[in-house]
Amino acid sequence: MSGFILSLDAITADDAPRVGGKAWRLGELMRVGVRVPPGFVITTDAYRAFIASNGLQREIESLLARPRWDSPELKSEITQFQTRLRAQPIPSEIADAISSAIALFAICHPSSAIRHSPFAVRSSALAEDSAVASFAGQHDTLLNQRADQILDAVKACWASLWNERALAYRHRANLSWFDSAMGVVVQMQIPSEVSGVMFTLDPLTGREDRMTIESSWGLGEAIVSGHVTPDHFVVNWSDEIILVRDIADKSVMIVPSNAGTRDAYAETPREKRNAPSLADAQALALADLGMRVQTHYGAPQDIEWAWWQDEFYILQARPLTAIHFTAEYGQWTSANFREVMPGFVSPLSASVSLQHDYPRALAEFLHTIRMSPRDAPATEGRLIFGRAFWRFDIVKEYVARLPGFNERAFDETVGITPSYAGDGRVTPFNLATIVRGLPVLMKLDEQYKKFWKEAQQFQKQFEIEEREFIAVDLAHISDEMLTAWIQKMLDLHWRTQRIAMMITFLSTQAQDDLRVMINIVNHARPSPVEPIVMANLLAGLGNVTTARPIAEMENLAHLACADAQVAQTICESNMDELPARLQSFDAGRAWWTEFQDFIARFRFLAEVDEDFALPRYDEDATIPLRVLKQMLTPASSLPCEAGEGQGGGFSLPHFAWEEEEKRAKELHAQFARAVWRNLPKSKTRVLDLLAAFTFDEQLATVRRYAWWREETRELVARAHYLARRFFLELGKRWAVRGWIAETDDVFLLTREQILEMTADDRRLTAAKSRAQPSAVSGHLHDSIARYKRLRAAYRNFDVPWTINVPTTAPTATTAAAQTSFAGVPCGGGRVCGRARVIHDPREGNRLQRGEILIAPYTNPNWTPLFGLAAGIVMEEGGLLSHGAVIAREVGIPAVLQIKCATQVFRDGQMLCVDGTRGIVEVVE
C-alpha cells in the first residue's frame with residue numbers, strides 16, 4: 001500500500017509513530033494471533049499532508065500560542081477551526097489511496113458477511129492508548145459508515161483531535177499539542193450479537209485476581225455512550241469462577257446499519273431485555289482471552305470486545321490507567337521493602353520474610369515498648385501485584401500516640417512521599433500526651449540502652465551456628481535430616497530477622513525523636529543560615545560492614561591496574577571466557593586468586609539478597625566482574641589502553657577511604673557543634689547542660705543504631721544465603737520425584753506449603769516411588785502455575801508505591817518540564833556530572849566513573865557501583881536506608897525520593913546534585 005495506508009496486519013513496532021497508539025496495538029494483537037476485525041490504517045503522514053495542503057498549520061500554531069487554553073474565546077475559535085478543517089478537501093493522492101485500500105479490502109475479504117458489513121472508523125492519535133494517557137472517549141469513533149462516507153468520517157476523526165474534550169485532557173496530562181497527529185483506523189464493523197468492555201484488573205477494588213466485564217446486546221457503543229445499563233460480571237481468573245453476576249434491564253441496543261447512520265438505536269426484544277447477554281461459559285472464555293491480552297503486554301488492560309458467530313473479537317485494547325482500591329483495603333506502601341525486595345518477589349521469600357518474620361517482629365516491638373497489647377495485630381505484609389508491601393496506616397496510628405510525632409518526618413524517614421501540605425498530623429507536647437506517652441518513652445529508652453547489646457551477642461551466636469550450617473553435606477543427608485535442618489534454618493532465619501527488624505524499628509524511632517530537637521534548633525537559627533539536616537549528623541559512622549565490598553572492589557581494580565595484561569584481559573574478555581584467560585598467565589592467576597577470595601568473603605551477596613530465588617556471588621560472579629570491568633574502562637567508553645600507572649599498567653583514580661571517613665566524621669562533628677551552639681538557652685546553666693546532654697544521648701543513639709542496622713543487614717543476607725542452600729537441595733529432590741517441574745520452582749512455593757509437605761515423613765517416604773506424584777503435589781503445581789501466570793500478567797505494570805494514599809508526587813509526564821527537583825538530602829556536598837540511568841545492578845557496566853547514578857533504589861548489591869558514581873539520585877529510600885548510609889560514608893552527594901527519576905532524567909544529561917539541600921538541578 002502507499003505511504004498513506006498500512007494494513008493492520010502489516011503494522012510493526014517501528015510504525016507506531018505513523019499509525020498512532022490504537023492502530024499500533026491492534027496490529028500487534030493481530031500478529032500474536034488475537035482475533036481482531038480486519039482493516040487498514042490511514043497514517044499520520046496523511047494527516048500532516050492534509051494539514052499542510054490546506055494551510056492549516058499556521059492557524060494551529062496561532063491557536064496554541066494563546067496564553068489561556070481554556071478561555072471562552074479560544075474554545076469558540078477551536079470549534080470554528082474544526083468546522084473549517086472538515087470543510088477542506090482531502091488531497092487527491094490521499095483520497096485515491098483510501099479508495100484503493102477500500103477496494104483491496106473487498107478483494108481480500110470476499111465473504112458476503114464482511115463485504116456487506118459497514119465500516120467502523122476510529123481515531124488513533126499518537127499519545128492515544130498509551131500507559132500515561134488513554135484518551136478514552138476523547139476522540140471520535142464513527143460506526144455504520146458506507147464506503148462513500150469514509151472520507152468525511154476520516155476528516156471528522158482528524159477534527160476530533162481538536163475538540164474541547166481532547167484539549168482539556170491534553171492540558172491535564174501535560175502533553176504537547178505541537179507534535180500532535182492522528183492516524184485513522186478503518187475496519188470491518190463486526191455485526192455484534194453481544195459486545196462490551198472488560199477490565200483485566202478490577203478498577204474499583206484493585207484486586208489483582210479479578211476482572212470486570214460489562215456486556216449488552218448489539219454494538220458496544222450503547223455501553224460506551226451510557227445509553228444502556230449493561231450486565232455486570234466479576235470473574236476470578238485465577239480460580240476460574242464468576243464472583244458477581246448482575247443482570248440489567250437492557251432496554252435499547254445499537255444495531256449495524258447500511259444506511260450510513262452513525263448510531264442506529266433499536267428497542268431490545270422483550271425476551272432479551274432481562275436475559276443474561278453472556279452465558280457463564282462465555283464470560284469465563286472472555287476472561288481467559290483478557291488474561292491472554294494482558295499477558296502479552298504485562299500490564300492490566302481496558303478492552304473493548306464483540307461476540308459474533310461464536311467467536312470473540314478484540315476491537316480495542318489499551319492500558320488501564322485509573323485504578324481505585326476500596327477503603328477496607330487499608331493503606332499500604334512498598335517503602336523500605338521496595339529497596340530490599342524490589343520487583344517481583346518469589347512467594348517463598350515473601351512468605352518467610354514479609355508475611356511471617358516482619359509482622360511477628362513488629363508485634364513484639366510494639367508490645368515491648370507498651371504501644372500495643374500483646375494480642376493486638378500490629379500490621380501485616382503481603383504481595384500486591386507480586387511486589388512487597390506493608391500496611392502502614394496501623395503502624396502510624398500506634399506511633400502517632402507519642403508526643404512530638406510528626407507525620408511528615410515519619411513518612412520521609414520510611415520513604416513515603418507525603419500527600420499533604422505542611423507537617424500533616426502532629427501530636428503536641430501537653431500533659432495528656434506526655435502522660436499517655438511516658439510509659440512508652442521509658443520503655444523505648446530502656447530498649448535503646450540494651451538492645452544493641454543483644455544484637456552484639458546474637459552476632460557472635462550467629463557466626464557459630466553459621467559454621468554448623470555450612471558444614472552440612474547436603475547431598476548425602478536423608479530426607480528426614482534435611483527436613484530437620486530446614487526447620488532449624490527457618491528458626492535461625494527468624495531469629496536473625498527479629499534482631500535486624502528490632503534494630504530497624506529502634507533506629508527509625510530514635511531518628512524521629514532526634515528530629516524534634518533538630519527542628520527546635522533550626523527554628524532558633526537565623527533564616528539566612530543553612531539549616532541543620534539529619535543527614536550530616538549521621539555522617540561518619542565509621543567501619544560500616546556493608547561498605548566493605550566497595551573498598552575491596554577498589555582494591556581489586558587497583559591490583560588489576562598494576563599489570564597491563566591483567567587489566568587488558570579483564571577489559572577485552574567476555575564473562576564466559578574471562579576466568580580461563582586470566583588463569584592462563586601468572587599475573588592473571590594471582591589476580592584471579594584475589595578475586596576468588598573476594599567472592600568467598602562476600603558469597604552471600606546477590607542482585608537482591610533477600611530473595612531466596614536469586615543466585616549468590618559464589619554461584620554467579622558476573623555482577624562484580626562487570627563492575628570491575630567498568631572500573632577499568634576509561635570514561636570515554638573506548639577499549640582499555642595502557643597508561644602510565646604503576647608497573648606500566650593502567651592508571652586508576654585512588655579512592656582515599658580513610659580520608660573520606662575522616663572527612664565524614666569532621667562533618668558530623670561540625671554540625672553537632674552547630675546544634676550545641678543553637679540549643680535554646682534557659683535561665684540556669686544546669687538546664688542548658690541537661691539539654692546538651694539529652695542531645696548528645698539522642699544523637700549517639702541514632703548513630704549507634706544506624707551502624708547496627710548495617711551490621712544486622714549483613715547478617716540477614718548471610719541467613720538468606722544459608723536458607724537458599726537448603727531450599728535448593730529440597731528443590732532438587734522434589735523435582736526428581738515430580739512434585740515440582742524444576743529445582744527453582746521450590747522458590748515459587750510458600751513457607752506454609754513447604755512445612756506442610758515436609759511435616760509427614762510417611763508422605764515423603766511414599767512419594768519416593770513416583771507412582772502417583774499428582775496425588776501428592778497437584779496443588780503445588782497449581783500454585784506454581786498461578787504465580788507464573790500472575791508474574792507474566794503484571795511484569796510490566798508500573799505498580800503504585802502507595803495504595804489508598806493520594807499523592808502529590810509528579811508523574812514522569814508532568815515532571816519532564818521541571819529543571820529543579822526537591823528530595824530528601826542525604827549529605828555529601830554538591831557535585832555536577834553526566835546522568836546515567838540504571839534500573840538494575842546488572843546494567844552496572846553502563847555506569848562510567850564520575851557519572852551521576854540515577855537508580856530506583858539501592859541495596860547491598862548496588863554497593864560496588866558507588867565506587868564509580870560521583871553522585872547518586874534515588875527514587876526510593878529513607879535516611880537510614882542502605883544507600884543513604886553508604887553514600888554518607890564514602891562522601892558521595894546523594895538525594896533520595898526523587899520520584900520518577902529514572903524516567904525523567906536521561907543518559908548524558910548534565911545534572912548538579914546537592915546532597916546537603918536535597919536538590920537536583922538539570923544544567924542542560
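Residues numbered from 1 in each chain as written. Predicted model: local features only at pLDDT ≥ 70, side-chain atom pairs only at ≥ 80, totals over all residues. Heavy atoms only, no water.

### Some thoughts on the overall build of the protein
Here's step 1: Scanning the protein for helices and strands turns up 31 helices and 25 strands.
Here's step 2: Considering only intrachain contacts with a sequence separation of at least 6, the fraction spanning at least 24 residues in the protein is 71%.
Here's step 3: When the accessible surface of the protein is split by element, carbon and sulfur atoms take 53% of a total near 37600 Å². (Helix = DSSP H or I, 4+ residues; strand = E, 2+ residues; numbered from the N terminus. Contact = heavy atoms within 4.5 Å. Areas by Shrake-Rupley, 256 points an atom, 1.4 Å probe, with all protein chains shown as cover.)

### Quick word on the pairing of strand 3 (residues 119–125)
Consecutive side chains along a regular strand alternate between the two faces of the sheet.
Here's step 1: Counting buried positions along strand 3 yields 7 of 7 residues, so the element is predominantly enclosed.
Here's step 2: Burial along strand 3 is two-sided: the residues Phe119, Val121, Ser123 and Ala125 and Ala120, Arg122 and Ser124 are all buried.
Here's step 3: Across 3 bridges, strand 3 lies against strand 4 (residues 141–145) in antiparallel orientation. Of the residues in strand 4, the one forming a bridge with Arg122 is Thr141. (Buried < 20%, exposed > 50% of the residue type's maximum accessible area, 1.4 Å probe, protein only. Pairing = 2+ DSSP bridges.)

### Some details on the pattern of salt bridges
Here's step 1: The final tally for this structure, using the stated rule, is 40 salt bridges.
Here's step 2: For Asp209, the salt bridge is made with Arg207, and the minimal N-O distance between the two is 3.6 Å.
Here's step 3: Note on Asp209: relative accessible area 17%, which makes it buried.
Here's step 4: For Arg207, a relative accessible area of 30% corresponds to the partly exposed category. (Salt bridge = Lys/Arg side-chain N within 4 Å of Asp/Glu carboxyl O.)

### Some remarks on the sheet that holds strand 8 (residues 231–236)
Here's step 1: Spatially, 9-8-7-6-12-13 is the arrangement adopted by the 6 strands of the open sheet, whose pairing is antiparallel. Edge positions in the open sheet fall to strand 9 (241–246) and strand 13 (311–319), since each of these has one partner strand only. In this sheet, neighbouring strand axes are inclined to one another by 20 degrees on average, regardless of whether the strands run parallel or antiparallel.
Here's step 2: Inspection of the sheet shows strand 7 (residues 210–217) paired to strand 8 by 6 bridges, in the antiparallel sense. Paired with Ile213 across the strands is Phe233, a residue of strand 8.
Here's step 3: Packed on one face of the sheet, helix 11 (residues 280–297) meets strand 6 (194–199), strand 7, strand 8, strand 9, strand 12 (301–308) and strand 13 and runs near 135 degrees to strand 12. (Axes fitted to C-alpha atoms, helices over the stretch in contact; angles between N-to-C directions.)

### Considerations on the side chain of Asp202
Here's step 1: Mapped onto the fold, Asp202 is located in the loop between strand 6 and strand 7.
Here's step 2: The buried charged residue Asp202 lacks any salt bridge partner; its closest oppositely charged side chain belongs to Arg210, at an N-O distance of 5.3 Å.
Here's step 3: Here Leu204 takes part through its backbone nitrogen, which lies 3.1 Å from a polar atom of the side chain of Asp202.
Here's step 4: Polar contacts involving the side chain of Asp202 include one to the side chain of Thr205, which spans 3.2 Å.
Here's step 5: Filtering out sequence-adjacent residues up to four positions away, Asp202 remains in contact with Arg207, Arg210, Thr212 and Val234. (Lys, Arg positive; Asp, Glu negative; His and termini not counted. Polar contact = N/O pair within 3.5 Å; in protein donor to acceptor, adjacent residues only side chain to side chain.)

### Regarding the sheet that holds strand 5 (residues 182–188)
Within a sheet, adjacent strands bond to each other through the backbone by hydrogen bonds, running parallel or antiparallel.
Here's step 1: Across the sheet, 5 strands lie side by side as 1-2-5-3-4; this open sheet has antiparallel pairing. Looking at which strands have only one partner, the edges of the open sheet turn out to be strand 1 (5–7) and strand 4. Averaged over all neighbouring strand pairs, the angle between strand axes comes to 20 degrees, with direction disregarded.

### Looking at the layout of surface pockets
Over the atoms, a rolled probe matching the size of one water molecule traces out where space is still vacant.
Here's step 1: As a volume, the second largest pocket reaches approximately 1000 Å³.
Here's step 2: Lining the second largest pocket are 34 residues, with Asp513, Leu514, Val516, Thr694 and Gln698 sitting closest to its centre.
Here's step 3: The set of elements that each furnish at least two residues to the lining of the second largest pocket consists of helix 16 (431–471), helix 17 (479–524) and helix 25 (685–737).
Here's step 4: Ranked by residues supplied to the lining of the second largest pocket, first place goes to helix 17 with 10 residues.
Here's step 5: Split into classes, the residues belonging to the lining of the second largest pocket amount to 18 nonpolar, 8 polar and 8 charged. (1 Å grid on protein atoms, 1.4 Å probe; cavity = no way out; pocket = protein on both sides within 12 Å on 5 of 7 lines; lining within 4 Å. Points joined across faces, edges and corners; volume = space filled by probe spheres on them. Nonpolar A, V, L, I, M, F, W, Y, C, P; charged D, E, K, R; others polar.)

### A look at the state of the cysteines
Here's step 1: Tallying each qualifying case throughout the model produces 1 disulfide.
Here's step 2: Paired through a disulfide, Cys832 and Cys912 show a sulfur-sulfur distance of 1.9 Å. Between Cys832 and Cys912, the S-S torsion sits near 95 degrees, and that sign places the bridge as right-handed. Linking Cys832 in strand 20 (residues 830–837) with Cys912 in strand 24 (residues 910–914), this pair joins segments that are 80 residues apart in sequence.
Here's step 3: Residue Cys912 is classed as buried on the basis of its relative accessible area, which comes to 5%. (Disulfide = S-S within 2.5 Å.)

### Brief notes about helix 30 (residues 882–890)
Given 3.6 residues to a turn, an α-helix orients residues that are three or four positions apart in the same direction.
Here's step 1: Burial runs high along helix 30: 9 of the 9 residues are buried.
Here's step 2: Every buried residue of helix 30 is accounted for by His882, Gly883, Ala884, Val885, Ile886, Ala887, Arg888, Glu889 and Val890.

### Brief notes about the pairing of strand 24
Here's step 1: Counted residue by residue, strand 24 has 5 buried out of 5 residues, so it is predominantly covered.
Here's step 2: The side-chain alternation of strand 24 yields two buried faces, one formed by Met910, Cys912 and Asp914 and the other by Leu911 and Val913.
Here's step 3: In this sheet, strand 24 lies alongside strand 20 in antiparallel orientation, the contact comprising 5 bridges. Bridge assignment links Val831 to a residue of strand 24, and that residue is Val913.
Here's step 4: As paired elements, strand 24 and strand 25 (residues 919–922) share 4 bridges and run antiparallel to each other. Bridge pairing in strand 25 places Cys912 opposite Glu921.
Here's step 5: Connecting strand 24 to the next strand, strand 25, in antiparallel fashion are 4 residues, including Gly918 with a positive phi near 75 degrees.

### Notes on helix 26 (residues 751–759)
Here's step 1: Of the residues making up helix 26, those classed as buried are Arg751, Gln753, Ile754, Met757 and Thr758. The arc that holds the buried residues of helix 26, viewed along the axis, is 165 degrees, so those residues lie on one side. (Arc of directions from axis to C-beta.)

### Quick look at the nonpolar core
Here's step 1: Counting 206 residues, the largest nonpolar core has Trp305, Trp591, Phe595 and Phe727 as its most contacted members.
Here's step 2: With 18 residues, helix 17 is the largest single contributor of residues to this core.
Here's step 3: In this view, Trp591 contacts Leu556, Leu559, Ala560, Val566, Ile570, Leu582, Leu625 and Leu628; residues no more than four positions away in its chain are not counted.
Here's step 4: Listed in part, the 46 residues of the second largest apolar core include Ala97, Cys157, Ala306 and Trp308. (Core = buried A, V, L, I, M, F, W, Y, C linked by side-chain atoms within 4.5 Å.)

### Some details on the environment of Leu431
Here's step 1: Relative to the assigned elements, Leu431 resides in helix 16.
Here's step 2: Separated by 28 residues in sequence, Leu431 and Pro403 have C-alpha atoms that sit 9.6 Å apart.

### Quick word on empty space enclosed by the protein
Here's step 1: Going through the model one piece at a time under the given rule, you end up with 7 cavities of 30 Å³ or more.
Here's step 2: Lining the largest cavity are 29 residues; nearest its centre among them are Asn336, Met501, Thr504, Phe505 and Arg709.
Here's step 3: Contributing elements (two or more residues each) for the lining of the largest cavity: helix 12 (337–340), helix 13 (347–368), helix 14 (392–399), helix 15 (407–414), helix 17 and helix 25.
Here's step 4: For the lining of the largest cavity, the element with the highest residue contribution is helix 17, accounting for 8 residues.

### Quick word on the environment of Phe604
Here's step 1: With respect to the helices, strands and loops of the structure, Phe604 is situated in the loop between helix 22 (586–601) and helix 23 (622–631).
Here's step 2: On the basis of relative accessibility, which here comes to 7%, the residue Phe604 falls in the buried class.
Here's step 3: Once the C-alpha coordinates of Phe604 and Arg616 are considered, the two residues, 12 residues apart in sequence, prove to be 5.6 Å apart.
Here's step 4: Contacts of Phe604, omitting those with residues within four sequence positions, involve Asp609, Arg616, Glu714, Ala717, Arg718 and Tyr721.

### What about the environment of Val608?
Here's step 1: Tracing the sequence through the fold places Val608 in the loop between helix 22 and helix 23.
Here's step 2: The exposure class assigned to Val608 is buried, which follows from its relative accessible area of 8%.
Here's step 3: Expressed as a C-alpha distance, the spacing of Val608 and Met341, which sit 267 residues apart in the sequence, is 6.5 Å.
Here's step 4: With near-sequence residues (within four places) excluded, Val608 lies in contact with Val340, Met341, Pro342, Leu614, Arg616 and Asn859.

### As for a nonpolar patch on the surface
Here's step 1: Together, Phe429, Ile434, Leu438, Leu441 and Met442 line one region of the surface with nonpolar side chains, adding up to about 470 Å² of accessible area.
Here's step 2: Mapping Met442 onto the fold places it in helix 16.
Here's step 3: Residue class for Met442 comes out exposed when judged on its relative accessible area of 56%. (Patch = residues over 30% accessible without salt bridge, like charges linked within 9 Å, V, L, I, M, F, W, Y side chains within 5 Å.)

### A closer look at the packing of helix 1 (residues 16–31) against helix 11
Here's step 1: Where helix 1 contacts helix 11, the two axes come as close as 11 Å, and the packing angle between them is 110 degrees. The angle between the axes of helix 1 and helix 11 places the two elements in the roughly perpendicular class. Packed against helix 1, whose contacting residues are Arg25, Glu28 and Leu29, the element helix 11 presents Val293, His296 and Tyr297 at the interface.
Here's step 2: Its residues assigned to classes, the contact of helix 1 with helix 11 shows 3 nonpolar, 1 polar and 2 charged. (Parallel < 35°, antiparallel > 145°, perpendicular 65-115°, else oblique.)

### Regarding the packing of aromatic side chains
Here's step 1: Taken as a whole, this structure holds 34 aromatic pairs when the rule is applied.
Here's step 2: Ring geometry for Phe469 versus Phe726: centroids 5.7 Å apart, planes at 90 degrees, classification edge-to-face. With Phe469 in helix 16 and Phe726 in helix 25, this residue pair connects regions lying 257 residues apart in the sequence.
Here's step 3: Classification of Phe726 by relative accessible area gives buried; the value is 0%.
Here's step 4: Their ring planes at 10 degrees and their centres at 5.5 Å tell us that Trp591 and Phe595 sit as a pair that is stacked. (Phe/Tyr/Trp six-rings, centres within 6.5 Å; stacked < 30°, edge-to-face > 60°.)

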